[in-house]
Structure formats: C-alpha cells, structure tokens
Amino acid sequence: MHGPAAKLGADNAAAKKAKLGVILFFVYLIIYSGFVVIGLYDPDLMGAHVLGKQNLAIVYGFGLIILAVVMGFIYNAACTRMENKMNNKQGR
Amino acid sequence: MTYDVSIWAIAIFITFVALVLALSFYFARKTKSASGYYAAGGKIHWGVNGIAFAGDYLSAASFLGICGMIAFSGYDGFLYSIGYLAGWVVALFIVAEPLKRLGKYTFTDALDARFNSKSIKLAASGSTLIVSVFYLIPQMVGAGDLVVPLLGLPHWIGVVIVGSIVIFIVATAGMTSTTYVQFIKGALLIIFSTILTIYILNNGLNLKPGGNYHKFVSVGVVFEDGNLAGTTDPSYTLKDIHTLDGGLTFASLERDGIVNWYKLSPDSTFLEEMLSATVADDGTKLYNGEPKSAGKFYQVGHLTKIVVDGEEVEETGPLGPFKFLSTLENTEIARFTRKEIKAARTTVWYQEPTPGSDMIKPGLLYKISAKAGANFWTKLNFVSLMLALFFGTSALPHILIRYYTVPSQSAARKSTIVAIAAIGFFYILTMYMGLGAAINGVLDVESSNMSGPLLAKYFGVGLFSLISAIAFATVLGTVAGLIVASSGAIAHDFLDKYLNRKMDDRQKVRAGKMAAFGVGIFAILLGILFKGMNVSFLVGLAFAVAASANLPAILFLLFWDKTTAKGIAWSIVTGIVSSVGIILLSPTMYEKYGLDKALAPIPLDNPGIISIPLAVIVLVVVSLITQKDNVNKVENYHLDS
C-alpha cells in the first residue's frame, strides 16, 4: 500500500464535510432533474417568459450554471470553517 | 469550403507552439521523480490547478463542438454546456476531497486503496486506457480539422504535428509542463472568448452579415399538367427533378454551362437556390456546380427578419447580453438543413426559416415535444444524454489525476471551485458565440466544428489567428493530459502494480515516458483513421463509457461499506462492455456502417440510461455475494480517517 503524492495532515472535519457535500449534491441534483423533467413533460413551457423578457430555458439554463458556482463558494466557506475549528489551526 | 491562409495565422501559431515547447524544456530539467512525472510533485497552487482544470476540460468538444452545435441547432447545443458544467458539481461535492485522500498518482490507486486487489488494478487501468483513447480520437481529428484552414496543410499532417508535439511535451516533462500548458491555454481561451462575445454584442443583429455574403436567388416556375416543366426566366434550363420522402422537391437548373440545385417553395411558386455538393461521373466533387477552388461554396447563416418594438428593422446596433437574447426571440433565422439526393449523388443544404424563439429553447435537435415528433425513445435519449453528462465528468481519468497535483484536500476543493467558475463563465459565452455564428454568415455547412473560429474571422484575421492558435493549443493540452493518464494506466497501474515489476523511481519515469510514446503513436494513427467522424459524437461516447465504468465504482467505494474488490472490478467491466456495446448497436453507428438505422436493435444513441444502472446492479449483487472477501480489506483508508 502506498500513500498520497503529497503528505496530508489528519483531517478531523472529513466526515462532516462529506455529509455537507452529499446534501448539497442532492439539492443540485433535484434542481437539475427539474430542468430535465420540464424538457420532457412540458417542453413548450421552456419558451414561456419568466423573468423580464427572458424565457424559462435561458433563465433555468444560465441559472444552473450560476447556481453551481454559488453553491461551490458556500461549500468552500463552510468547509474552511469546519477545518479551522476541528483541526484547531488557521486556514490553509 | 476553401480557406485563404494568413501569414498572421502561421506566425501566431508558430509563436504559440514555440512557447509551449520552451516551457516543456524548462520543466523537463526539474522532473526527476515518479511523483514529479505523474503528479507534478503535488506542489501546484490551487488557483493554477483550477484554471488548468478548465484548460483540460474545455477541449475540442467544448470550444469547437458546442459552439458549432449551437450555431446549427440552437439551444440543444447548450444542453451540453449545462450538463458538462453540472458534472463538476458531482466532482466538487462528492469526489474531490475523498479521492485526493485515497490516491497517489492515478484513479486506479484511489479505487484500490482499501483493497490492494489485482482485479481492480486490471479493470481500472483498462477502463482508464479505453476512456482516454476514446477521448483522444476526437481531439486528434479536431486538430487535423483546424490545421486545414489555419496553415493550409492536409488533415493528416495536422494530426502528426499535434501527436509529435504532445509526445515531446509528455515524454520530456510529464504533469508539471502539462499543467502549465493547460493553465496558459485555459486562461487565454476564456479571455479571447470574452473578447469575441463583446464583438458579437457590439455588432448586434443585422440582416446583412457583411459585404461578401452571397445573395441566394429565387426563380419563378412553370407547371404543365401538374408537373414542374421549367422556369419563368429563359436563361435557366431545367435538368433534373427529385421529390424526397416528406414531400420536398429539389431541381437542378443549368445556366451558363453550370448546374446548380434549387428547392421548390412550399407554395410551389418559385425555386430557391441552395448549397450543393455533387460527385461527378469521373469521381470529382463539384460544389455548387464548380470545383472547390472556384470558391462558390459559400459560408452561410443569416437573419431574414428582425422585429424591435413591433416594427421590422434592418439592424439593431449594439445590444447588451440580455437584450441580445430577448431581441433574437423576435427574429427569423435561415438555418441550412442537409438532405441527401442519393439518385443524383448530391448533398444539398436548403434554407429553413426558423423562428428565433425556437433557437433559444430546446427541441431543434433532440425531439422532445409532440409537435417535433417525439416518441418514447427520443425522450429516453434526451434523459440518457443529460444523465451521462452529469455523471461523466467526475469519472474522466485525465480530470481525476489533476487532484494529485495539489498539496492538500482543501487545495483540491478550492481548485475545483476555480474550475467551476471559469468553466461556467466560458459555457455562458458559448451561447453567444454559437448564436453569433448562426446569424453572421460564417457557417461552413460541411464542418460545424469550425463555427467558432470562423466567427472570429468575421471580426478580423488577427482575432481568427489567435483563437485558432488557442483552439489548437486546446487540443494540444488535452491530448497531453490524456496521454499522461494513459501512460499512468500502463506504466504505473499495470506494469508496476499489477505485474509487480520491480522498478526504481528512475525506471518508473522511463516506463511512463515509453508508454506515453506508444499511446501517442497509436493516437496519431487513430486520428488519421477517423478523419471526418463527428468530434462531439466520440466525446459523448467517452463520457458515457466513463460514467458507466468508473462512477458507480467511485461512489460505492466512498459511500457503501459493503463494497468489495470483486464488486468494483465486475462493475467496471460491465460498464465498459454495456456502454460500448449499446453504442456499437445504436442507430447512429448503424448509419455509419451503411445499414438502415431503423434496423438498430436498441434505438438509443446515448447508452447511459441503461449502462449506468446496470453497472450499479452488478456492483451491488457481486459485492453482496463476495462479502467474505472484505474481512481482509485495508481499514485505515476510510472516510473518517
């Protein structure tokens, strides 16, 4: 058996971070599935104006991309806090 | 299409390649250890690694393929952008940190960390190699396509150039130089795509896409006894008439000794000029009735109507990003649809007026509405595509190995977020670049892949040269990453770990370089062999195989304690065999074999919806049967460690 390429310190926050990751993954999965379901069962709805003069396809599609970035930042902030607290040292 | 070669293009291209090679020389002197070769010593900064992720990920399929697909099929091309980006969510929330903790150099290391099993090593190194090779082929084909207009060289020389440069980069320096090449390329691609989008928005919508745009003529028709008998203009002579299934009638007319093809209007009152490619009796190919060199095979794609505030206008002037989309909704776009007239050995592309509102919602390519003729299988195909895109990203070996180049789990996480932000921003730009290409008369109907670069040419040769050189570097970088991943699978996973060849660090690096050389030569041959094959089709294949073979193994390893080594190995094998098998029996492949696509046993082009669940079922069943094996597994590599 071999270890990782770079030496890693013990990470007491690993389990909590993994749990948060799984929750956020399912949140995104549900929203992503919503897009697929609308495309499948009511494709005409994709052409309906929902925000100003933008249709649902644009708002939902761009929204999914922007949401991934926003959730990424939230996840990182939460993980960094957990690491600082549980590993008892300053952020890396 | 014929292209003029520009000195600028050649100069910029050579400068770019020289820069890449210089970088390789610099890092070559520093790479002495196996850790340096495969994982850049685990010392890359997360910011650099994040942009390098973007460089790795935004391959020929993203920049060339998606822009082209949006240009030809509207929003359905953007579905790939959404799916490719969503896949990163899986990478960030589920895979990044645990994988970083488990592995050393390769994806196989991570899978095998808890088991030390020969069957996992063999299955995982095999799947790494297969997915990487499937991914390599379209990159090489794309490189050949790019070199034709950029340098005026034949396709195969392009493939050989890319192959040789990449072998050189990888065989000299490994992951460090690959990372920095990807970093530079990823950053430049995003910067210049932003500049291109600013040009598009500043240009706005315009009925006349530039001075040289060809005006397609219409000729009145004469009917006798209900049959098309001639034209109202005596300078045209009617030569040939064909009516295809679906009721479309095409006719060829001769004028001044040149034969051109026309489509009968829906109300049967006039014939409308089209683009055509005909194989003559002597085997030569005529474009719009003349040899290719005559330059009569025009670039196309234009607006036929623009409505602003209820009134038709000629042009809109500069538009903001949201105004651009909402204004486009009230336009009509002439898309060029392809049809084969087999009896006349002719392919034609006719104008199909499409409402702008249809271009910015799904449905032109994937038939999901009843109006477009959707059925159970077309809908399942759509779901299957979205599933494979979502689960494919975090199962691609050349993406996974990048987690071993950073020093810590938190750096792995941060670099993934940088990647998501950079890639997400780029994918929003693809919408504008694709739509911009659709309406500015730049499309080459024979190669949708060139839509992005040709749009850049519309705005200036300098921008075209830069974008093309970056696109070429895109291919270069992705191929380098794939070859490192493949050489890792052969030299590290198979020779070192599976066969247990005793090698010191220097010999390991040597084995890696020799494997890189072998895979590189193989990739060159495949790139030449698969010329003309659709780039995005092959990339989709790689995603589906990766999602089926690798992802169930990764997820169950991380989240199900009862997973066994045999369960993982059999799941990988099932994923590979079922996904590749379904693709080989798909309607698209049947068409490529020259068979009737209706005869395909599985009417699905995207296999994920069948092969991913199948791999999961096999993993669960085999794991439950082989529970006694788990007594000896290595417990210290658990999630809580």
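Residues numbered from 1 in each chain as written. Chains lettered and ligands numbered in written order. Predicted model: local features only at pLDDT ≥ 70, side-chain atom pairs only at ≥ 80, totals over all residues.

## Looking at the overall build of chain B
Stage number 1. Helices and strands together make up the secondary structure of chain B, namely 22 helices and 13 strands.
Stage number 2. Based on the C-alpha atoms only, the size of chain B along its principal axes is roughly 85 × 55 × 55 Å.
Stage number 3. Counting the 641 residues in chain B, one finds 58% classified as buried.
Stage number 4. Sequence separation of 24 or more characterises 75% of the internal contacts of chain B that already satisfy a separation of 6 or more. (Helix = DSSP H or I, 4+ residues; strand = E, 2+ residues; numbered from the N terminus. Buried ≥ 20, exposed ≤ 12 C-beta atoms within 10 Å, placed from the backbone. Contact = placed C-beta atoms within 7 Å.)

## A closer look at the overall build of chain A
Stage number 1. Scanning chain A from N- to C-terminus turns up two helices and two strands.
Stage number 2. Overall, chain A shows an N-to-C arrangement of helices and strands of α-β-β-α.
Stage number 3. Within chain A, buried positions represent 30% of all 92 residues.
Stage number 4. Relative to all contacts within chain A whose residues are 6 or more apart in sequence, the contacts with residues 24 or more apart total 55%.

## Some words on the environment of B:Tyr213
Stage number 1. By the element assignment, B:Tyr213 lies in the loop between helix 9 (175–203) and strand 1 (218–224).
Stage number 2. With 16 C-beta atoms counted inside 10 Å, the residue B:Tyr213 sits in the partly exposed group.

## Let's talk about the confidence of the model for chain B
Residues and elements named next belong to chain B.
Stage number 1. Per-chain confidence: chain B averages 83 in pLDDT, with 92% of residues scoring 70 or above.
Stage number 2. Mean pLDDT across the secondary structure elements of chain B bottoms out at helix 2 (residues 34–39), with 60, and peaks at helix 22 (residues 608–625), with 95.
Stage number 3. Confidence drops under pLDDT 50 across residues 635–641; counting only partners more than four residues distant or on other chains, this segment forms eleven contacts.
Stage number 4. The complex model carries a pTM of 0.86, and its ipTM stands at 0.87. (pLDDT = per-residue confidence, 0-100.)

## Here's the deal with unusual backbone geometry
All names here are of chain B.
Stage number 1. Non-glycine residue Asp-225 carries a positive phi angle of around 50°.
Stage number 2. Among the structural elements, Asp-225 can be located in the loop between strand 1 and strand 2 (227–231).
Stage number 3. Under the C-beta neighbour-count criterion, Asp-225 is labelled exposed, with 5 such atoms within 10 Å.
Stage number 4. Within the chain, Asp-309 stands out as a residue other than glycine whose phi angle is a positive 50°.
Stage number 5. Among the structural elements, Asp-309 can be located in the loop between strand 9 (300–308) and strand 10 (311–312).

## Brief notes about the packing of helix 5 (residues 75–102) of chain B against helix 14 (residues 409–439) of chain B
All names here are of chain B.
Stage number 1. Axis separation between helix 5 and helix 14 bottoms out at 9 Å; the angle between their running directions is 180°. Here helix 5 lies roughly antiparallel to helix 14, going by the angle between them.
Stage number 2. Classifying every residue of the contact of helix 5 with helix 14 gives 14 nonpolar, seven polar and four charged. (Axes fitted to C-alpha atoms, helices over the stretch in contact; angles between N-to-C directions. Parallel < 35°, antiparallel > 145°, perpendicular 65-115°, else oblique. Nonpolar A, V, L, I, M, F, W, Y, C, P; charged D, E, K, R; others polar.)

## Some points on the interface of chain B and chain A
Stage number 1. Across the boundary between the two partners, chain B contributes 52 residues, which contact 44 residues of chain A.
Stage number 2. Elements with a minimum of two residues in the side of chain B that touches chain A: helix 2, helix 5, helix 10 (321–328), helix 12 (376–392) and helix 14 of chain B.
Stage number 3. With 14 residues, the single largest contributor to the side of chain B that touches chain A is helix 5 of chain B.

## Some details on the domain arrangement of chain B
Residue and element names in this part refer to chain B.
Stage number 1. As far as domains go, chain B holds domain 1 (7–204 + 379–632) and domain 2 (218–374).
Stage number 2. Computed from C-alpha atoms alone, the centre-to-centre distance between domain 1 and domain 2 is 36 Å.
Stage number 3. Contact residues are listed per partner, giving 23 residues for domain 1 and 29 residues for domain 2.
Stage number 4. For the side of domain 1 that touches domain 2, the class distribution of residues is 13 nonpolar, seven polar and three charged. (Domains from an automatic or database assignment.)

## Quick notes on the pairing of strand 9 of chain B
A regular strand places its side chains so that they alternate between the two faces of the sheet.
Residues and elements named next belong to chain B.
Stage number 1. Inspection of the sheet shows strand 9 paired to strand 13 (residues 440–443) by two bridges, in the antiparallel sense. Across the sheet, residue His-302 finds its bridge partner in strand 13, namely Asn-440.
Stage number 2. When strand 9 meets strand 11 (residues 331–341), the two strands line up antiparallel, connected through four bridges. Paired with Ile-306 across the bridge in strand 11 is Thr-331.
Stage number 3. Sheet analysis places strand 9 next to strand 10, joined by two bridges and oriented antiparallel. (Pairing = 2+ DSSP bridges.)

## Quick look at the sheet that holds strand 3 (residues 237–243) of chain B
All names here are of chain B.
Stage number 1. With respect to topology, six strands assemble into an open sheet ordered 2-1-6-5-4-3, the strand pairing being antiparallel. The outermost strands of the open sheet, each flanked by one partner alone, are strand 2 and strand 3. Adjacent strand axes in the sheet meet at a mean angle of 40° when their direction is disregarded.
Stage number 2. Relative to strand 4 (residues 249–255), strand 3 runs antiparallel, the two sharing six bridges. Within strand 4, the residue paired with Leu-238 across the bridge is Leu-253.

## Digging into the environment of B:Lys562
Residue and element names in this part refer to chain B.
Stage number 1. Turning to its location among the elements, Lys-562 is positioned in the loop between helix 19 (551–559) and helix 20 (565–584).
Stage number 2. Along the primary structure Lys-562 and Val-620 are separated by 58 residues, whereas in three dimensions their C-alpha atoms are 8.5 Å apart.
Stage number 3. Apart from the residues lying within four places of it in its own chain, the contact partners of Lys-562 are Ser-623, Leu-624 and Gln-627.

## Things to note about helix 22 of chain B
Stage number 1. For helix 22 of chain B, spanning 18 residues, the distance from its first C-alpha to its last is 25 Å, which sits close to the expected 26 Å at 1.5 Å a residue.
Stage number 2. Residues of helix 22 of chain B that are buried include every one of B:Gly608, B:Ile609, B:Ser611, B:Ile612, B:Leu614, B:Ala615, B:Val618, B:Leu619 and B:Ser623, and no others. (Expected span 1.5 Å × (residues − 1).)

## So, helix 14 of chain B
Residues and elements named next belong to chain B.
Stage number 1. Taking 1.5 Å as the rise per residue, helix 14 with 31 residues should run 45 Å; its terminal C-alpha atoms sit 46 Å apart, in good agreement.
Stage number 2. Among the 31 residues in helix 14, 28 count as buried, and that is most of the element.
Stage number 3. Looking one or two places after helix 14, you find Gly-441, whose phi comes out positive at around 65°.

## Overview of the nonpolar core
General note: in soluble globular proteins, nonpolar side chains tend to be found buried as a group.
Residues and elements named next belong to chain B.
Stage number 1. If you look at the biggest cluster of nonpolar residues, it comprises 225 residues, and the most contacted ones within it are Ile-423, Leu-476 and Val-479.
Stage number 2. Among the elements that take part in this core, helix 16 (residues 461–498) stands out by supplying 21 residues, more than any other.
Stage number 3. Structurally, this core is a two-domain feature, drawing no fewer than three residues from each of domain 1 (7–204 + 379–632) and domain 2 (218–374).
Stage number 4. Setting aside residues no more than four positions away along its own chain, Leu-476 makes contact with Val-20, Val-162, Ile-165, Val-166 and Val-181. (Core = buried A, V, L, I, M, F, W, Y, C linked by C-beta atoms within 7 Å.)

## So, the environment of B:Gly301
Residue and element names in this part refer to chain B.
Stage number 1. Its place among the elements puts Gly-301 in strand 9.
Stage number 2. Considered as a pair, Gly-301 and Gly-83 are 218 residues apart in the sequence and their alpha carbons are 27 Å apart.
Stage number 3. Excluding anything up to four places from it in sequence, Gly-301 contacts Ala-71, Phe-336, Ala-437, Ala-438, Ile-439, Asn-440, Gly-441, Val-442 and Leu-443.

## Brief notes about the packing of helix 5 of chain B against helix 12 of chain B
Two quantities define a packed helix pair, namely the angle between the axes and the distance from one axis to the other.
Residue and element names in this part refer to chain B.
Stage number 1. At a minimum axis distance of 6 Å, the contact between helix 5 and helix 12 shows a crossing angle of 40°. Comparing their axes, helix 12 and helix 5 come out oblique. Crossing of helix 5 against helix 12: the hand is right-handed. Counted together, Tyr-80, Gly-83, Tyr-84, Ala-86, Gly-87 and Val-90 of helix 5 and Met-386, Leu-389, Phe-390, Phe-391 and Gly-392 of helix 12 form the full contact between these two elements.
Stage number 2. When its residues are assigned to classes, the contact of helix 5 with helix 12 shows eight nonpolar, three polar and no charged. (Left-handed = near helix turned anticlockwise from the far one by under 90°.)

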